[in-house]
Amino acid sequence: MRYGRWIAGGLGFWLGGPIGAIIGYAVGTLIEKGDVISPSRTQNPQEGFRVALIVLVGAVMKADGTVKKSELDYVKDFFVKNFGVEATKDAMLLL
């Protein structure tokens, strides 16, 4: 796809403003070059789900313009119950 980086940059801008545009452009560039991680190359098949869930949680938490400690605590508890302590540490760093 020739215009993938621009489309991803536009989506990033729409979701996250100028910083989102930069991140979207970078992700679009990686997709165009084929440097993205494919499911066959990942060690853990749940990893892609966790990353997608973290992105979704981050977008929902940021939707009202502020991130509350109670929201973050709820997400931490959910991840500990469903994925374990070690995966939660990695998820919170990514979030």
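Note: the structure precedes this text.
Residues numbered from 1 in each chain as written. Predicted model: local features only at pLDDT ≥ 70, side-chain atom pairs only at ≥ 80, totals over all residues. Heavy atoms only, no water.

(A) Quick peek at the nonpolar core. Counting residues in hydrophobic clusters, the biggest one holds ten residues: Leu 53, Ile 54, Val 57, Met 61, Val 75, Phe 79, Phe 83, Ala 87, Ala 91 and Met 92. Elements that contribute at least two residues to this core include exactly helix H2 (46–62), helix H3 (69–83) and helix H4 (85–94). (Core = buried A, V, L, I, M, F, W, Y, C linked by side-chain atoms within 4.5 Å. Buried < 20%, exposed > 50% of the residue type's maximum accessible area, 1.4 Å probe, protein only. Helix = DSSP H or I, 4+ residues; strand = E, 2+ residues; numbered from the N terminus.)

(B) How the structure looks around helix H1 (residues 4–33). In this model H1 runs just 10 Å from its N-terminal to its C-terminal C-alpha over 30 residues, more than 12% under the 44 Å that 1.5 Å per residue would give. Remark: the principal bend of H1, roughly 150°, maps to Gly 16, with a proline, Pro 18, within the next four residues. When we look at burial in H1, the residues that qualify are Gly 4, Ala 8, Gly 9, Gly 12, Gly 17, Gly 20, Ala 21, Gly 24, Gly 28 and Thr 29. (Expected span 1.5 Å × (residues − 1). Bend = angle between axes of the 7 residues up to and from the residue.)

(C) Seen up close, the environment of Ile 22. Mapped onto the fold, Ile 22 is located in helix H1. For Ile 22, a relative accessible area of 58% puts it in the exposed group. Along the sequence, Ile 22 and Gly 10 sit twelve residues apart, while their C-alpha atoms lie 9.3 Å from each other.

(D) Spotlight on the pattern of salt bridges. Considering all chains together, one arrives at one salt bridge under this definition. Between Lys 69 and Asp 73 there is a salt bridge, and its shortest N-O distance comes to 3.3 Å. You can see Lys 69 and its partner Asp 73 sitting in helix H3, four residues apart, about one turn around the helix. (Salt bridge = Lys/Arg side-chain N within 4 Å of Asp/Glu carboxyl O.)

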